[in-house]
Structure formats: C-alpha cells, structure tokens
2 protein chains.
Amino acid sequence: METNLSERQKLILALVIRDYIETAQPVGSVSLVKRYKLDFSSATVRNDMVALTEMGFLRQPHTSAGRVPTEEGYRYFVRQLMGHTDLPAPTKRTIIHQFYQAGADVDRWMHLAASVLAHQAQAASLVTAPHPERAIFKHLELIGTHGRQVLMVLVLSGGDVSQQMLNLAEPVSQEQLSAVAQKINQNCAGLTEAGIERLKQPTDALEQDILKLVVNEMRRSTRVVAGELYRDGLTHVLAEPEFGEMELARRALRLLEERPLLEDLLTRTVLASEPGGVQVLIGGEGTWEELRECSVVLARYGAPGLATGTLGVLGPMRMPYGRTISTVRFMAGLLSDLVEDMLTEG
Amino acid sequence: METNLSERQKLILALVIRDYIETAQPVGSVSLVKRYKLDFSSATVRNDMVALTEMGFLRQPHTSAGRVPTEEGYRYFVRQLMGHTDLPAPTKRTIIHQFYQAGADVDRWMHLAASVLAHQAQAASLVTAPHPERAIFKHLELIGTHGRQVLMVLVLSGGDVSQQMLNLAEPVSQEQLSAVAQKINQNCAGLTEAGIERLKQPTDALEQDILKLVVNEMRRSTRVVAGELYRDGLTHVLAEPEFGEMELARRALRLLEERPLLEDLLTRTVLASEPGGVQVLIGGEGTWEELRECSVVLARYGAPGLATGTLGVLGPMRMPYGRTISTVRFMAGLLSDLVEDMLTEG
DNA sequence: AATTAGCACTCTCGTTGCGAGAGTGCTAAT
DNA sequence: ATTAGCACTCTCGCAACGAGAGTGCTAATT
C-alpha cells in the first residue's frame, strides 16, 4: 500500500474531505471539478480517486456512488493536509473576556469552558476540573453544625477543596474540633497521603477517624476523573445527519454519561500523552466500539505537577477538524493560564 | 363535551392507554377485544371509541387506523383511572440500602437519586440539591492558601456549604483572616441576608468586602435552581420510538441542558405546588412547546422550611405513569427523610 | 507518459401501482 | 343496548421503472 501522494492527489483528498464535511453527501468526480473549478478533468480526478481508494483513504458506499473519506483518510488529512489554523482574534478576545468576568471561581470556569467548547465546535463538550497528580495536604477545617454533625473542609495543593459531612458517635464541642484540626494541620502540612499514613498512630480516636477520612479523600482526588464532570452541547450531536439512526447517537452519548466508560477513554488517551498537545481520536481507532462514526478531540490543561484537568469535544467523524482543534487548543491554553495564575500568583 | 364515562368506557380507555404504552402502536377495536379477552364485541368497543374520540380522550392518526390517546386522555387516565400504585417492597429495600451505604454525602445522594430515577423509570432524570428557602448565616471560615488568595467557606442553615476563592488586593496573614472571620461569625450568626445588610457598616475594608460576598452567596443559594444539577439517563429517551424524528428528542433534551428553560419550568410548576405531592405534566400542557410528546413527573422533597429540592423524570408522553409516579413519590419521600435526618439529628 | 473525451454500465432514489391487512362506520338483526 | 355483517378507507410493503449521478475502461489527444 503506497502512501506517496502526488500533490494533485493531496489536493483532491483534501477537497473531498472538505466537501463531505460540508454536505454529508458522497462526493463524485464531476461535481468536485465543477464546484471547485479545477483545471483538470473529471476523468483525471477519477483516476486519482481509484488510487486514493486503493490506498485506503477513500471508499465508496456502494458501486457507482461518490467517494467518502475513510477513518484513515481523515487521519491523513488531520496529520498532513490540514495546516495549522487558529481561532480568529476577536473570538479569542470575546472568550477571554467572558472568563475574566467570571472571577476566580473554578466552578464557573468549568461551566463556561464546557459551554464555549460546545458552542464553538457545535459538538458535545466535556471538561474535568483540575486536580493535582499527587495530593499534598495543606489545610483542614472542622466545623460543627448540628449536634453530632461535623463539616470537614479539606484543602489540598492545587486549590483542590473538598467538603464532607460526617456524623460523630457523640457530640463534640467546637473547641475540641478546632483543637484536633489544629493538631492535624501542624502534623500533616505538606505531606502526601503516604506521608500521613506513616505518622505514628495518634492516641485520640477522633483524630484517627478524621485522618482516615483525609487520606481517603486525598486518594479520591487523584483519580483520573476526580471531581465533577462538566458537559454541554449534548444535543448538538443529535442534530448531525449521521445520527439519524439514533443507535449511534445513543452509544456516543452513553460514553459521556457513564463515568466508567469515560474514565477508560481518558485514561488510555490523554493521560498517556504529553500535556499541551491536542489529541484527535478518529472513529474510535478500532478500540472503542461506541465511537463508530465519532471523533473526539482532547487535551490536557493545567499547571503540570500542580494540577491538571482534561477537556475536549465529541462530534461526528465528519467534523470541521481545523476549527475544532484550534478551539480545543485555545481553551486548553487559556485554562492552563488561569489555573497557573490561580496557583502561583502571589 | 360530555365527560361522564360509563364503566365500560373507562375500561376501554384504560386498556387502550395501557396497550398503547406497551406497543407504541395505534390500537384497534378487534385487536383490543382479542388481546384482553373482553366479553363484549368489537363493534361495542367501536361505539365506545367514537364516544371517547368525541370527548377528546382518543384520536385517530388517520381515518381507519386504530386509536391513540390524546393528552386529555392521558390526563384523565392519570387522575381518575390509574389507581394508586406503589413500588414493590424489595425494590424499595434495595434502593434504601444503596443510600444507606452512601453515608452522609449529599453529593453522592444526588448522583444516586438521579441514577435510581433514571434506571427505575427508564427515562431522563433530574435532581436539584436541597437548599433553604431563606438563607440563614451559620458559619464562615477564611483560609489563606497561596499569597493573596483566600478560600472562603460559608455554611448556611440547611447544610448548604459553598466555597469560593478570592484574590485580595494585598497579602493578609492567617491570623488576620481568622480574626475577621470570627468577628463576622459573632455578628452574623442566625441572620438572614437582609439582617446582615442592616448591620452598621464595618470600618474594616476587608470585612466589608467579605460581607458583600457573603450576602451575594446567600442570595445565590436561594434561587430556584441554586446548586449543581444532577442529571442521568438522558440516553433513555433516545431509545423511545416516538423520538425517531430526532427533532423532538433534541428539544426535550435541550430543556434539561439549558438552565434558563429548566428554571422556568420548575418555577412555574413544582415551586407553586405543595411539597410532598407529585406533579404530572403531560404534553407540555399547551405551555411548553419543547415538551410536545413528552411528560414530566416532578416532586419537591426536603424538610419544609429548612431545605428543599426538586426531583423528577422526563420521558415520552407514552410512559408507564403508575410506575414512574410511584418511583418519583418514593424517591422524594426517601430524600426528604434523609435530608430531615441530616438537618435535625442531634 | 499523462491527461482527457466518450461511452456503456451500475446503483440509488423517488414515483407509481398494486394487493394484503387492519380498522372504521353504518345498518340491520338480535 | 348489543352485535353481526359488510362496504369502504387508509397504510404499508413490494415490485417495477425511469431519471440522475457516478464509475471504470478504452481510445484519442497533448
């Protein structure tokens, strides 16, 4: 299988893909030359098309229909043909402005990021909150509320804050709680979960219970998909003609709805990649059955070593990759800056 | 339009609806008598059917097709014909057990509730976190993290906890922060937002800023849809045959995805109703265009006066109302108990 | 040697024309 | 009041068919 394309073949492949992305219709040789006013004939196009078909970049839904890009075709296009595009500057400014207005509220950033991604890419979007790769204890607060109920607020490195309600066996005064918290704060500051576990066992039963919860929480916060999942634009994918058959659409959306599936996907892709880069998964790459006819564009963002998260979009394989990739890249960069500022600013 | 149905007409209406809910096919007189072994003839059924059609409870998709229930038909069915059903006891026990295992974690309750609703009703589910109708200040904590960054944790009555990161103009030591927090705690304990605003202006600029944020946060927490929204089972509605046309499905799911729409819906329905009761909205009731072909079953839950939330499911109009309503009723009751226990237990 | 015109062939898609099946509404008999 | 009988209607699935679009091949052209 030869993979040296002539310039003309590259052009034709690119045009076929561009046209198909627009129209969702198989594209034929005649309509192609007419539409793009090519200065060679349809027969020439046909010849190149058989070559491209033999190389696995195009296929025909049936004999004597136009050509449609294969997954391989899209991949070649994305890697070699597409050229580097960027979001228009005004769009960028608008987006930045929106984030600026949102203040320093991570939760709002996440919602906003999901919303912007969904809107810009006209696809379903997904954002996970930033969390540290290694959890480091920073601060603990114990606040009594009603009776035996206590609210535990745990601050970890990377700005991760988790709160948890717990019921004590017996009432404890706020003073006692504060004392325990202060003791833990002194002993544990700067430690990882492992470090905390290595501490000599405290004699105080309450302190011991709390420490156990703290360690648990620290473990939880370093899982791949640790916190809340932010999604948006799920209905966009329903608008695409390829999902007229519904079953495909259901499977794709299930992937975003069911945490285990999603966790698997993220673990095996973006987690294994260097941060900053944008990953493009086309058609499930043979591994994810539920992604047939879909593509996913993912990126990690955040401050490496401190806290990172993931973001991306899911859309039909027939998606405008240029725009989508540049959107994802830009958003990852923007969120990285924001997170970094938040964590390092003095 | 006469609305006095004979017993037989009620039976026929009920059977038509039951059959249609199962099969999604228009149901004819002959197949009805055959299927349910009725001891009167198809001609009799036909006569009653024209009556029911004239009364607006049934309609024919086209001449000489079977009958299909109208929205009015469903409403009559739900109000008069359906009888009170309840979830089977083993199912209940299983659900209760799951919640028991989840501990006292409200976030987990919400996820679980959405998941259970979606699964039991085979429809899209929605749960909002419980929040107080009137926010009452309980406790404030200020925790310095990096440099000028401060984490503000605010505890309100009803177990509402909100956290917010803020950037100060200049660095402030933890001691100062604690002092401000303690002062605010003393002054504001038990006050509503209005009460806090009536306090004489503090001289300390920092204190003043913090108080402004606190009041803001208290306002936010009393909005109809205050906190996070928990959704599940969105893909279930895609499986229903009536959404083969996609456009209907998109509109319905948009309702769950876009907060303003949802807020409007909840405001005008469940908010206006007495808590405890289950509300059934059939076919948008002429008000919500996006709910054509859909029904929504909603309920409020929580401890009245302390904290309440909303939960419900959205499915096709052709939904098993008995099961759905009992599920929603049960879940509302269960969550109410849990929330009440959490808030009042000593 | 590469490109192109010409042409026969293939396959889909929309339309049309039935016949079967299911259901209705009406009338007359029970 | 109910039912049997019957003519009528409307959908649905299937086959036939022509138009349209596209292909692949061959021979001519540059």
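Conventions and cut-offs
- Residues numbered from 1 in each chain as written.
- Chains lettered and ligands numbered in written order.
- Predicted model: local features only at pLDDT ≥ 70, side-chain atom pairs only at ≥ 80, totals over all residues.
- Heavy atoms only, no water.
- Least-squares fit on C-alpha atoms with pLDDT ≥ 70 in both.
- Contact = heavy atoms within 4.5 Å.
- Near = heavy atom within 4 Å.
- Polar contact = N/O pair within 3.5 Å; in protein donor to acceptor, adjacent residues only side chain to side chain.
- Helix = DSSP H or I, 4+ residues; strand = E, 2+ residues; numbered from the N terminus.
- Nonpolar A, V, L, I, M, F, W, Y, C, P; charged D, E, K, R; others polar.
- Domains from an automatic or database assignment.
- Axes fitted to C-alpha atoms, helices over the stretch in contact; angles between N-to-C directions.
- Parallel < 35°, antiparallel > 145°, perpendicular 65-115°, else oblique.
- Buried area = accessible area lost by both parts, 1.4 Å probe.
- Phe/Tyr/Trp six-rings, centres within 6.5 Å; stacked < 30°, edge-to-face > 60°.
- Buried < 20%, exposed > 50% of the residue type's maximum accessible area, 1.4 Å probe, protein only.
- Lys NZ or Arg CZ within 6 Å of the ring centre and 35° of its normal.
- Left-handed = near helix turned anticlockwise from the far one by under 90°.
- pLDDT = per-residue confidence, 0-100.
- Core = buried A, V, L, I, M, F, W, Y, C linked by side-chain atoms within 4.5 Å.
- Pairing = 2+ DSSP bridges.
- Salt bridge = Lys/Arg side-chain N within 4 Å of Asp/Glu carboxyl O.
- Arc of directions from axis to C-beta.

1. Thoughts on the relation of the copies chain A and chain B
Step number 1: The transform that puts chain A on chain B rotates by 180 degrees and translates by 0.0 Å along the axis, for an RMSD of 0.1 Å. Here the copies are linked by what is in effect a two-fold axis.
Step number 2: Most of the interface of chain A is mirrored in chain B, where 100% of its interface residues are also at the interface.

2. Some words on the protein's contact with DNA strand D
Step number 1: Residues in close proximity to DNA strand D total 22 residues, the closest being A:Ser29, B:Arg8, B:Thr44, B:His62 and B:Ser64.
Step number 2: The share of sugar and phosphate among atoms of DNA strand D within 4 Å of the protein is 75%.
Step number 3: Here a base oxygen of DNA strand D sits 2.6 Å away from a polar atom, N or O, in the side chain of B:Ser64.
Step number 4: Secondary-structure elements contributing two or more residues to the surface near DNA strand D are helix H2 (29-36) and helix H3 (42-54) of chain A together with helix H3 (42-54) of chain B.
Step number 5: Of the residues assigned to the surface near DNA strand D, the class counts are 6 nonpolar, 12 polar and 4 charged.

3. Considerations on the protein's contact with DNA strand C
Step number 1: The full set close to DNA strand C counts 22 residues, and A:Arg8, A:Thr44, A:His62, A:Ser64 and B:Ser29 are the nearest of them.
Step number 2: When the atoms of DNA strand C within 4 Å of the protein are sorted by group, sugar and phosphate make up 78%.
Step number 3: Here a sugar or linking oxygen of DNA strand C and a backbone polar atom of A:Thr63 are 3.4 Å apart.
Step number 4: One of the side-chain nitrogen or oxygen atoms of B:Ser29 is found 2.6 Å away from a phosphate oxygen of DNA strand C.

4. Comments concerning the domain arrangement of chain A
Step number 1: Assigned domains within chain A: domain 1 (7-81), domain 2 (89-132 + 225-344) and domain 3 (137-221).
Step number 2: Spacing between the C-alpha centres of domain 1 of chain A and domain 3 of chain A amounts to 62 Å.

5. Description of the packing of helix H11 (residues 247-257) of chain A against helix H12 (residues 259-268) of chain A
Residues and elements named next belong to chain A.
Step number 1: Two elements in contact, H11 and H12, have axes whose closest approach is 5 Å; the angle formed by their N-to-C orientations is 85 degrees. As judged from the angle between their axes, H11 and H12 are roughly perpendicular. Where H11 approaches H12, its residues Arg 254, Leu 255, Leu 256 and Glu 257 are matched on the opposing element by Arg 259, Leu 261, Leu 262 and Leu 265.
Step number 2: Among the residues forming the contact of H11 with H12, the class breakdown is 5 nonpolar, no polar and 3 charged.

6. Description of the interface of chain A and chain B
Step number 1: Across the boundary between the two partners, chain A contributes 38 residues, which contact 38 residues of chain B.
Step number 2: Carbon and sulfur atoms supply 55% of the area buried between chain A and chain B, which totals about 4100 Å² over both sides.
Step number 3: For the interface between chain A and chain B, the tally reads 8 residue pairs in polar contact (both at pLDDT 80 or more).
Step number 4: If you list the elements that add at least two residues to the side of chain A that touches chain B, you get helix H6 (106-121), strand S4 (137-144), strand S5 (149-156), strand S6 (161-167), helix H10 (234-238), H11 and helix H13 (321-344) of chain A.
Step number 5: Of the residues belonging to the side of chain A that touches chain B, the class tally is 15 nonpolar, 13 polar and 10 charged.

7. What about the packing of aromatic side chains?
Residues and elements named next belong to chain A.
Step number 1: In the structure shown here, the tally under the stated rule is 4 aromatic pairs over all chains.
Step number 2: Between the aromatic rings of Phe 57 and Tyr 76, the centroid separation amounts to 4.9 Å while the plane-to-plane angle is 35 degrees, which identifies the pairing as tilted. Here Phe 57 is found in the loop between H3 and strand S1 (58-59), whereas its partner Tyr 76 is found in helix H4 (residues 71-81), with 19 residues between them in sequence.
Step number 3: An angle of 50 degrees between the planes, with centres 5.8 Å apart, marks the rings of Tyr 74 and Tyr 321 as tilted. Taken as a pair, Tyr 74 in helix H4 and Tyr 321 in helix H13 lie far apart in primary sequence, 247 residues in all. We note that Tyr 74, like Tyr 321, is buried.
Step number 4: A cation sits over an aromatic face here: Arg 8 above Phe 40, 5.6 Å from the ring centre.

8. Side note on the packing of helix H5 (residues 89-101) of chain A against H6(A)
All names here are of chain A.
Step number 1: Axis separation between H5 and H6 bottoms out at 10 Å; the angle between their running directions is 155 degrees. Comparing the axis directions of H5 and H6 gives the class roughly antiparallel. Regarding H5 and H6, the two cross each other, and that crossing is right-handed. From H5, Thr 91, Ile 95, Gln 98 and Phe 99 reach across to H6, where they touch Trp 109, Leu 112, Ala 113, Val 116 and Gln 120.

9. Considering the confidence of the model for chain A
Step number 1: On average, chain A scores 91 in pLDDT, and the residues at 70 or more come to 98%.
Step number 2: The spread of mean pLDDT over the elements of chain A runs between S6(A), the lowest at 83, and strand S2 (residues 68-69) of chain A, the highest at 97.

10. Observations regarding unusual backbone geometry
Step number 1: Phi at A:Met246 is positive, roughly 70 degrees, even though this residue is not glycine.
Step number 2: Examined against the element boundaries, A:Met246 turns out to sit in the loop between H10 and H11.

11. Details of the nonpolar core
Step number 1: Judged by nonpolar contacts, the single largest core of 66 residues is most densely connected at B:Leu32, B:Phe99, B:Val127, B:Leu311, B:Tyr321, B:Met331 and B:Leu335.
Step number 2: A per-element tally of this core places helix H13 (residues 321-344) of chain B first, with 12 residues.
Step number 3: Every residue in contact with B:Leu32, bar those within four places of it in the chain, is listed here: B:Ile12, B:Leu15, B:Val16, B:Val27, B:Leu38 and B:Val45.
Step number 4: The next biggest cluster of nonpolar side chains, apart from the first, holds 65 residues, and it includes A:Ala14, A:Tyr36, A:Val45 and A:Ile282.

12. Digging into the sheet that holds S6(A)
Residues and elements named next belong to chain A.
Step number 1: A sheet is described by the order of its strands in space; here 3 strands give the open sequence S4-S5-S6, paired in antiparallel fashion. The sheet terminates laterally at S4 and S6, the two strands that pair on one side only. The mean angle between the axes of side-by-side strands here comes to 20 degrees, regardless of whether they run parallel or antiparallel.
Step number 2: Relative to S6, S5 is paired through 7 bridges, and the arrangement is antiparallel. Paired with Val 153 across the two strands is Gln 163, which belongs to S6.
Step number 3: Sheet contacts for helix H7 (residues 174-188): S4 and S5; angle to S4, the most-contacted strand, approximately 175 degrees.

13. Brief notes about the pattern of salt bridges
Oppositely charged side chains can form a pair if their charged atoms are brought close together.
Step number 1: All chains considered together, the criterion is met by 44 salt bridges over all chains.
Step number 2: Residues B:Lys92 and B:Asp86 are paired through a salt bridge, measuring 3.3 Å at the closest nitrogen-oxygen approach.
Step number 3: Residue classification places B:Lys92 among the partly exposed residues on the basis of a relative accessible area of 22%.
Step number 4: On the accessibility criterion, B:Asp86 (46% relative accessible area) is partly exposed.
Step number 5: One connected set of salt bridges, linked through shared partners, spans A:Glu71, A:Glu72, A:Arg75 and A:Glu285.

14. Here's the deal with helix H12 (residues 259-268) of chain B
All names here are of chain B.
Step number 1: Regarding H12, the residues found buried are Leu 262, Glu 263, Leu 265 and Leu 266. When H12 is viewed along its axis, its buried side chains cluster within an angular range of 165 degrees and face the same direction. Of the residues in H12, the exposed ones pointing more than 90 degrees away from the buried face are Pro 260 and Arg 268.
Step number 2: Residues of H12 that are buried in the fold lie against strand S3 (124-128), strand S7 (229-232), helix H11 (247-257), strand S8 (278-282), strand S9 (294-303) and strand S10 (307-316).

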